[in-house]
Structures are given as structure tokens and as C-alpha cells.
Amino acid sequence: MADTAWVPDRLVIIGITTGAPWFAAVVLTVWRRHARIVGFTASFVSAAASALLLRAAPAGESLYEALMLLFSCLTMGATLVQPKRDCDSRTIGGILFLLGATLFAYSSSNLLGFLAAWILSTIPFLVRGGFRARSWRPAAALSVSSLALASAIGVISGSGHTFSMDNLRGGSPGGMTAFGLLVTAVVFRKGIFPAHAWVADAAEDSPAIPTALLLNGHFGALLVAKLIVPLFPHTVGTLFPLLSWFAMATALYVAVRALTENSPRRLLAFLALSQSACILAGLESWTSEGITGALVHWFVVTVSTMGLFAILRLLEVRFGENLTASTHLGLAEHAPRLAVCFAIFGLALVGLPGTLSFCSQDLLIHGTLMSHPVTGIVLPIATAMNAFSIFRLFATLFLGRRRTGFTHMADALPRERWTLAAGVLFVVLGGLFPNMIVAQRSADADTVAKASHPGAQNASARPLLAPEKPLTVVPGRFDFQGH
Amino acid sequence: MSLPQIALVFAVMAPGAVFALLGLSWLLGWVPSERVLSRITALTFASCMFALVAQLWTLGSTGAAAVVVTFGNWFAVHEYRFPLVLMADHLSLPFLSMTIVLSGLIGQFSATYLHRERGFFRFFVQLHLFAFGSLLAFAAGSFDLLIGGWELVGITSVLLIAFFDQRPAPVENGLRVFAVYRACDIGLLLGVFALHKWAGTASFAGVLPKLPEAQSTVVCLFLLLAAAGKAAQIPFSGWLPRAMEGPTPSSAIFYGAISIHAGAYLLLRVQPLLAQTRVASACVIMVGSATAIYGTIAGRASADAKTSLAFASLTQVGVVFAEIGIGWRWIATAHILGHALVRTLQFLRAPSMLHDYHRMHSAIGGEISPTGSHLEDLFPEKMRVWLYRWALDRGHLDTILDRWFIHPLLALSKLLTRLDSVGRSKTVTRRMKPKLSMRSPAEQGVE
């Protein structure tokens, strides 16, 4: 049980968590100096407040608090690792604005609040002078998703006469219309096939690190976990597998697509999309393993893709913006630490043993195969292709003949090195000692599963698996207990 | 914990700990000298060997069947558990001993062989990671844990193939090997999932459960896919000559000794299930026999020493597969041990042997006499020519894989690229180009 005696009012902390980055963003628009320090301080305050919230959260209901802490830490890392040339008040202000909106979405239990956070998070990517891409597709997809969500919330509130998510729980307010609109919002925001192309466009045209933050907000998965599953448990039972199949199709589609992609940014975007589509598939699997795997994978994908995009940006700053995966660049010779971090983050994304994703993939594949024995095979196949693509990207960027044309380029600077090292430590230590993270997410998974099956005590109430047989110890063997 | 248990944990974990320490020291900016590195390696494997000898001695004196160390569950979600169990029994002990002895040997050999090589430190770090992965796979008490070690062996194998990364060919070949490994590992994942689903456990620290024949067949066929990929059995044999791009010591330990036999170990582990299903046993025998024949024919047309040895290795592993399929478990184990030791010696001797050969060649001032008659001389001329061409192209295995699998997949990918570019302006559309190498190792100049 969490010790809550000394924790101030929850609403106050949420106000600090979301307000600090917005306040800092406003400060930066007025006082355009020391952007990195302001950004770091604001995200640090958000992280500290999120940690307080997480500490106070009861067991099994800490998913959003944990995500808030993760996203705040991610932004804190982003402000540190952001190259000097990108570290202007406009970019840091945009990142902080995105942080505030994302935290607001995680913490909101009100439909209007959630809608406002959803729309606000897209604004930096819609306005000219912000992070808007040259291609029209990102702006269109984000706008359509916002429109669909606004319409869905309009229908839901019209039917349920309230904006409180708790009051609407389990009532299927708005029926099929609202459900369809919410799924549309998920498809466009998450980049589910056939609305997937905008993700790669955004990654290629927009600033790398803010785009990685936008993608790692995982608003689509958030909408599923926060709104669709609790509000539409009965509809979910019949129609949700459709979304799951689309998610698996997306995972496979973009994995195949990535095989011949030569733009490193687009390639990374496809890999991030493919792996994050697995999260949706896991959430839909209805097995405690699948949902837990999806929630743990959420963490892994977030940290790994953020690390990969950050390293790619650091390479672009050092070696030129036109990096390509069509020839071997041999950058490991110049930046060996960036190469090692890239390899670890990349392999962590696709289930390297010893990293947290090995556990999450194990649970995810197991859960998905349990619920969809035929279509579930898609996930290991997509993961295998993604592993090939990430290794190809690593090989072309870092291996090969030493690149000439410049005398010396710095490897990771201390602030970059320690930030990346923190990310590497998270995925590696999380992988070596996964029980704490998995146990917490397992409790959260039960909450999600209970929301989709109101009658069930926990996710395992559904007869999924024969109980594991205890280990049989052959007489004469030494066992740990010394029997 | 008893002494044998401590010894088992130490033997498995020590190379992993050294890998972690070396990696950390590098990140902190300290790289040990060649002498320090080789001494650390020697000390590590010597102490591992000492621990293993202590374990063997205790087991021999007490007559116990196995040492089992249970650490509980690595992680658990309701009924689904990932047991962390290490086990050394009559099957895993020979493999553990082989891994430790040969890794130590390779470490000593490489200290001289790779002296002043650019990637000296990298090689030794990866050698420790490989040893840890192999020991974990061989000492695992469950298929779940075996996957962990199995994947680490695969990753280090690929990284060492791409060791000479200044040339594109090793990197491209490493990529190709990685693709085959990952594709075949899907079989391992699905096999372990099927075991969990039907047997309720993937642990073999106890006794493997009995399954109905149909279910046993499915599990064994999935695991055969994984084993065939790792052991370069037909139809995945094409990657083995490509893997010869790595430094000779790594070729020796991976493709002469340990990695190439990991697939056989997997099948030996699952042999009780394999014995329940005639279909899977027949498949194992067929795959092994076909690979043995393929290996011996293709090896005869290989122009370089390492590739010839790789094909010779392939032939023996094919025979081992057939032995396992027949059910000759202990013969297969003895065959693996003997083969691994002899082949490692041959691989390590190959570079100096070539040197000696050239010296002898020039010393006698002419051609060395041919080695004598061959079995293929009995075939008619036409068939010999056909076989020669078939062997020269390595059974067309890579061509078949490329034509029927890789090219269609890349074509599909390019089609999807075109579909995705609909609606994008031309200024932001980049040219796409497939990167998988379609060149054979011979074209890439494998030495």
C-alpha cells in the first residue's frame, strides 16, 4: 500500500505536473534565452510531481501515473540530448507544450479535458513556424483524428449527458456511432493501416526529436485503454478484434515496407510504428499476458525509439543531414559510443535477450497467439523483419570503410552520453530484473481487463491456459532448497 | 546453495560478468591492454573449468543425476511464468565442458592471432558474450531460458562475421546470416509457445511431458525449423560459407564447434518428444541426410580452406541430425564432442597449414602430387559435370532462396513503397533501392 500521508492534494500535483511545462513554454516565448535550462527544469518538475503521483497511486491503478513519469523523464532527456543548433526557444517551447498536453491527456478523467489535450498535442505539428511537415499527410491525419474524437465525444456526451469518464463507464454511450468514431481517431492518430503513411512523412520532414515525442505519446493506445475499453466493454467484445487485425496488418505491412527503405528517418518511423502496432494488438488480446506485455512494451518502445531518433539526429548534426542507408558510412569509427547505444536501443526494440523488450515480446507474442492462434503468427514474423531492418540500418550507418572528408568529429558529448546511458540502463536493467515492472503492469493489466470484462475478477478469470506444472525434481538431483 | 550449485552458477555467469565489466569499462573510457585482456580471458575460463571439474567430481562421487539451481521466476503474469532454472545433467555437462574448454583455447589462440588487430578488444568482448550465451543455452532448465542464450549466440555470431567491417562483404554477409537466424527463430518461439499451450510448461528441468502424437509433431517441426537454421541444414545451408568472412578463431568456435551444434543440442533436448512422433523423426533424418550429402558434394568444389572445412562441418552435423532422428542419442552426443574438437583444431590450423603448404610447394620446386582417386570418378562424365556445376553454385540453395523468397519480398516492399508515395510531392520522395546482397560469397571474394 502506498504511503499517502505526506502527499498534497492530487489535483494540485496534477496541476503542477501539467502546468509547469506550459508555464515554461510561455516563459520561453517571451524570454528567449537559456532554452535548455528552462526546458530541463520544467520537465524535471513534471517528473518529480509525476513521481509523487505514482507513489500515491493505489496498486493496479498506476498505469497513467507511470506513463506520466516516463514521458516527463523522456522530455527531460530530450532537452538534454537536443543538439545545440536545435536548442532554440521555439523548439524547446514546442516540446514543453507537447509535454504539458500529453501529461494532461494521461491525467484527465474528463472527456472535454481529454479532447482538449488531444488537440493541443497536435497544434505544434499543425501551425506553420512550428514542427509542421512539408507533406500534407501528417497535418491531415492529425486533424482527422481530432475531428473524429471531437465528434465521438459530442455523440457520447449527447447520449450520456455527462463528460465524466467514470460515470460513463460500461454504458456504451453513443452506441456504434461513437465507437466507430473513436476507432477512426485511433486509426489516424496511431497510424494504423491504411492511415500509416503520415508517420514516416512526419519523421522525415519535421524535427526528429519533437516528432519522436509526438509518436511516443501513444495517444492511440491511450484512447483504447482509457476510453474505448472502459466505455464500450460489450462492443469491444464483438468488434474490437477487427482493430486488432488491422494493428497486426500494420505491424506486418510497415515491417515489409521498411525492408527497402533507405531514408534512416523513415526507416526508424516504420520500425517504431510496427512495434507500437504490437501494443494495440496486445491490448486487444484479452489475455493477462498479452495486456501486460503490451503495457511493458509501451515503455520499451517509447524509450528505444526516442533513443534511436536522438542518436540519428546527433549523427545528422555531425555528419550531414543527408544520411542514407543505401551505402555503408562507417560512422562507428568516429562515433563508437553512439554506435553502441544505437545497437542496444535498436536490438532492445526487437527483443534482444537481456533487455526489457525480451520480456515484453515474450508476453506479447504469447498473449496474442493465445487469443489469435492464426493471425498472431504475424507478430513474430513482423518482429523478425524489424530486427533485420534495424540491423541493416545499424550496419549501413556505422559499419563500412571509414568516412573521409572531415578530420575529426566528436563522439557523444558528456551530456549526450549520460542521457543515452540512462536510457540504455533502463532497457538493460529492466531486462535483467523485469519482475518489478512486469508485476506493476500486470496489476494495471488486470484493471484494463476488468474494464473490458466487468464481471471478471481479473484477466486470468478467463480460462486461458492450463496452470503451469510445478517443476518435477528427479530424485538424486540437487535443488536450490537443498531437498 | 551446495558446492555444485555454486560451481554451476559461477561457470555460467562468469563470462557474462566479464563481458559486462569490459563493456562498462569501455563506456567509462578505459580499454585494457592486449596482455591484460588475454590474461583476464584465460583466468575467466580457467576458473570456469575449475568450477566445472569440481561439479563433475561431486556428481561422480555422489552419483547424482543432475545439478539443478532454481532462482524462482524471472517474471510471472498469473499462471504464465518464466522459470529461471539452471541445470547441468548428463546431456548439458558435455556441452558446457566443450564450450568452456574451447572458448578458453580460442581466447589464448586469438591473443596471438589478432595481435595489434584494430578490433582486438571488440573480439574479446564478443567472445565473452558468446560464451555466456552458449553456457546459458546449454545450462538452461527450460526452453524459455534457452531462447535467451540462443539469441545471444546468434547476435554475437553475426557481429563477428561483420568483424572486418571496413569491407562491405563481411557486413552484407553478416546481415544475410542475421536474416536467416531471425527467420528460423520464429520456429523456436512458436515451438515454445505450443509447448506452453499444450503441455502447460516449457521446462525440461523435470521430465518432458508426454503429448499426443499430433501435438508432438507440431512442436518438433517448429523446433526443427529453429535447429535447421542454427545448424545451417538444408534449405538454410547457404549462410554457412558466407559466415567464413569472420576471423578464423571465431569461425572455429562458431562453425566448427559450438554454434553449429546448438541446433543438434536443441533436438537432443527435445528427443523424448521426438521419439513420440514418426513424422518429425523422419523429417529430422531426411534433413540431416540431405545436408550431409549436400555438404560433402559442395565441399569438394570449394576452392578455399575455410569454406571446405565449413562444408565438412556441415556434413558431420547432418549426420548428427540423422543420428538424433534415429534415436541414437548418446552416439550423437559423442559424435558432436569429437567433431567439435577435431574441427576446431582444423580451423585454427588452416591459415598456418596454407602457409606451410606454399612453403613446401616452393621448396620442392614443382607441383605436389594429387591426393589420389575419388568416389565421384565412378560417375559418368555427364553426371560429374552436372554435379560439379551444382556443387560450384552450392546446390543453388541461395539462388532458390533469393528467387522464391527474397526477391518477391523485396518486390512487394517496393510495391508498397510506390503505394505509399501516392499523394507525396516528388520533391520529398526519395529513390528507394534494395540493400540485400544477392552476390554469392565467391563473387564477394571470400577468403
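Keep in mind that this is a model prediction, so the values were computed, not measured.

1. Considerations on unusual backbone geometry
Most peptide bonds adopt trans geometry, and most residues besides glycine take a negative phi value.
1) Next: Put simply, F193 of chain A and P194 of chain A share a cis peptide bond, and its omega is 10°.
2) Next: Between I234 of chain B and the following residue, P235 of chain B, the backbone shows a cis peptide bond with an omega angle of 10°.
3) Next: Mapping P235 of chain B onto the fold places it in the loop between α7 (213–230) and α8 (239–242).
4) Next: A positive phi angle, near 50°, is found at H34 of chain A, a position not held by glycine.
5) Next: The residue H34 of chain A is located in the loop between α1 (10–30) and α2 (35–56) in this model.
6) Next: Residue classification places H34 of chain A among the partly exposed positions, given that 15 C-beta atoms sit within 10 Å.
7) Next: Phi is positive for H161 of chain A, close to 55°, though the residue is something other than glycine.
8) Next: Summarising the element assignment, H161 of chain A is placed in the loop between α6 (137–160) and α7 (165–168).

2. Section: the packing of α6 of chain A against helix α9 (residues 197–205) of chain A
All names here are of chain A.
1) Next: Direction vectors running N to C along α6 and α9 enclose 130°, while the axes themselves pass 8 Å from each other. For the element pair α6 / α9, the angle class is oblique. Considering only the axes of α6 and α9, their crossing is left-handed. On the side of α6, the interface is formed by R137, P138 and A141, while α9 contributes A197, W198, D201 and A202.
2) Next: Here the residues of the contact of α6 with α9 are counted per class, giving five nonpolar, no polar and two charged.

3. Some words on the domain arrangement of chain A
Residues and elements named next belong to chain A.
1) Next: Along its sequence, chain A is organised into domain 1 (7–107), domain 2 (132–231) and domain 3 (238–459).
2) Next: For domain 1 and domain 2, the distance between their C-alpha centres works out to 22 Å.
3) Next: Of all elements in the fold, only α3 (63–81) and α4 (89–107) reach the threshold of two or more residues within the side of domain 1 that touches domain 2.
4) Next: Along the lines of polarity and charge, the residues of the side of domain 1 that touches domain 2 split into seven nonpolar, five polar and one charged.

The rules behind each value
Residues numbered from 1 in each chain as written. Chains lettered and ligands numbered in written order. Predicted model: local features only at pLDDT ≥ 70, side-chain atom pairs only at ≥ 80, totals over all residues. Helix = DSSP H or I, 4+ residues; strand = E, 2+ residues; numbered from the N terminus. Buried ≥ 20, exposed ≤ 12 C-beta atoms within 10 Å, placed from the backbone. Axes fitted to C-alpha atoms, helices over the stretch in contact; angles between N-to-C directions. Parallel < 35°, antiparallel > 145°, perpendicular 65-115°, else oblique. Left-handed = near helix turned anticlockwise from the far one by under 90°. Contact = placed C-beta atoms within 7 Å. Nonpolar A, V, L, I, M, F, W, Y, C, P; charged D, E, K, R; others polar. Domains from an automatic or database assignment.

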